[in-house]
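# Architecture at a glance
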Amino acid sequence: MLRDEKAIVVFSGGQDSTTCLFWALETFKEVEVVTFNYNQRHKEEIECAKRIAEELQVKHHLLDMQLLNQLAPNALTRDDIEIKEGEDGELPSTFVPGRNLIFLSFAAVLASQVKAKHIITGVCETDFSGYPDCRDAFVKSLNVTINLSMDQQFVIHTPLMWLDKAETWKLADDLGALEFVREKTLTCYEGVIGDGCGECPACKLRRNGLEKYLEGAAAHDR
Ligand SMILES: [Zn+2]
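Residues numbered from 1 in each chain as written. Predicted model: local features only at pLDDT ≥ 70, side-chain atom pairs only at ≥ 80, totals over all residues.

## Regarding the overall build of the protein
- Within the protein, the secondary structure is distributed over eight helices and five strands.
- Along its sequence from the N terminus, the protein presents helices and strands in the succession β-α-β-α-β-α-α-β-α-β-α-α-α.
- Looking at the 222 residues of the protein, the share that counts as buried comes to 36%.
- Partitioning the intrachain contacts of the protein with sequence separation of at least 6 by distance along the chain shows that 67% fall at a separation of at least 24. (Helix = DSSP H or I, 4+ residues; strand = E, 2+ residues; numbered from the N terminus. Buried ≥ 20, exposed ≤ 12 C-beta atoms within 10 Å, placed from the backbone. Contact = placed C-beta atoms within 7 Å.)

What follows is the structure in C-alpha cells.
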C-alpha cells in the first residue's frame, strides 16, 4: 500500500539520512528530500546533500533556516564554539534547542504543500547523545500535534530509531547502499566527506559502528 504513496525525507547528506533516503526509495512510490540551511559550520554539508539528491534523481528542497542560528548559536553553527560531548547529564555543545521540533514541523508544512503523506527522519534513540528531540516519545507526540494542527494524517517514520550505528550500516548494506553511504555521505564535524577526519566524535561513532558491522558480517561469512 505504501508503494502508492509519496514521502518527504529530512535530509542532511549524512550517513543516517542517506540510509533513510534509500529506505524511502524502497518503500514509497515517490520520494522528495528537504535540507535545512541553518548556517551549518560546513557549507560542504549542503553541497553534499545536493550532490546525493541529484545522483539519486530525487527532487531536493532547500529551506533557509538561518533564523535558528540567530536564536540558538551552537557548536554546529559557530566556529568559535568547541565541539564537546556532554558530561554528567549536560547536553553536548552540538545540541541546538528545538531543532527537530522546528525541522519536522517545517517538513510537515512542505509535505502538505507537495501532497506527501509520509515524513521520514533519521533520528535515533539508541545512539542517544542526550538530544531530547531524538526520542521516540517526542516524535510520536509531535506527529499527533502536527496532524491536529493541519487536520491531516501524516505519518512520521523513524527507520533508525532503535538501531545502533552498526545496525544502521547493516540496513544500508541490506538496501544495497553500503559503498554509496560510506563514500558519498558527510557525517564529520570537520567537513571531511566519506570516512572523515577520523578524530571528531561523529567520525569515531561512525567508524566504530562500521568496524563492528564489518567484523560481524565477516564472522557470519566464515
Ligand atoms: Zn571527523
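Next comes the rest of the write-up.
## Details of the pairing of strand E2 (residues 30–37)
- In terms of burial, E2 is largely enclosed, as six of its eight residues are buried.
- For the handedness criterion, the β-α-β arrangement of strand E1 (residues 6–10), helix H1 (residues 15–27) and E2 is classed as right-handed.
- In the sheet, E2 pairs with strand E3 (residues 59–64) via six bridges, with the strands oriented parallel. Its bridge partner being in E3, Thr35 is matched across the sheet by Leu62. (Right-handed = clockwise from strand over helix to strand, strands pointing away. Pairing = 2+ DSSP bridges.)

## Observations concerning the UniProt feature "binding site: ATP" (unreviewed entry) in the protein
- Per the UniProt record, the feature "binding site: ATP" (unreviewed entry) sits at Phe11, Ser12, Gly13, Gly14, Gln15, Asp16, Ser17, Thr18, Thr19, Cys20 and Leu21.
- Mapping Phe11 onto the fold places it in the loop between E1 and H1.
- Excluding its chain neighbours within four sequence positions, the residues that come into contact with Phe11 are Ser17, Leu21, Val33, Val34, Thr35 and Ala49.
- Counting through the fold element by element, Ser17 comes out in helix H1.
- Residue classification places Ser17 among the buried positions, given that 24 C-beta atoms sit within 10 Å. (UniProt positions renumbered as here; feature names shortened; annotations may be inferred.)

## As for the sheet that holds E2
- Taking strand neighbours across the sheet as the criterion, the five strands line up as E3-E2-E1-E4-E5 in an open arrangement whose pairing is parallel. Two strands in the sheet have a free side with no partner beyond their single neighbour: E3 and strand E5 (155–157). This sheet shows a mean twist of 25 degrees between the axes of neighbouring strands, independent of strand direction.
- Pairing analysis gives five bridges linking E1 to E2, with the strands arranged parallel. By the bridge assignment, Val10 is partnered in E2 with Val34.
- Contacting E1, E2 and strand E4 (118–120), H1 crosses the sheet at an angle of about 175 degrees to E1. (Axes fitted to C-alpha atoms, helices over the stretch in contact; angles between N-to-C directions.)

## Structural notes on the UniProt feature "binding site: Zn(2+)" (unreviewed entry) in the protein
- Under the UniProt annotation, the feature "binding site: Zn(2+)" (unreviewed entry) is placed at Cys188, Cys197, Cys200 and Cys203. Of the residues just listed, which span 16 residues, no C-alpha pair is farther apart than 6.9 Å, and they cluster in one region.
- Within the fold, Cys188 resides in the loop between helix H7 (178–184) and helix H8 (201–221).
- On the neighbour-count criterion, Cys188 (23 C-beta atoms within 10 Å) is buried.
- Setting aside chain neighbours within four positions, we find Cys188 in contact with Gly196, Cys197, Cys200, Ala202 and Cys203.
- Note on placement: Cys203 falls in helix H8.
- The contacts of Cys203, once residues within four sequence positions are left out, are Thr187, Cys188, Gly196, Cys197 and Gly198.

## Observations concerning unusual backbone geometry
- The phi torsion at Gln57 lies on the positive side, around 55 degrees, for a residue other than glycine.
- Positionally, Gln57 belongs in the loop between helix H2 (44–55) and E3.
- For Gln57, a count of 8 C-beta atoms within 10 Å corresponds to the exposed category.
- In this structure, Asp151 takes a positive phi of about 50 degrees despite not being glycine.
- Residue position: Asp151 is located in the loop between helix H5 (136–150) and E5.

## Some remarks on helix H4 (residues 99–114)
- For H4, built from 16 residues, the straight-helix expectation of 22 Å at 1.5 Å per residue is met to within 8% by its first-to-last C-alpha distance of 22 Å.
- Among the residues of H4, those classed as buried are Arg99, Asn100, Phe103, Leu104, Ala107, Ala108 and Ala111. Buried residues of H4, seen end-on, are gathered within an arc of 150 degrees and therefore sit on one face of the element. Those residues of H4 that are exposed and aimed more than 90 degrees away from the buried face are Val109 and Gln113.
- Buried residues along H4 sit in contact with E1, E2, helix H3 (67–71), E4, H5 and E5.
- Of the residues trailing H4, Lys115 is marked for its positive phi of about 60 degrees. (Expected span 1.5 Å × (residues − 1). Arc of directions from axis to C-beta.)

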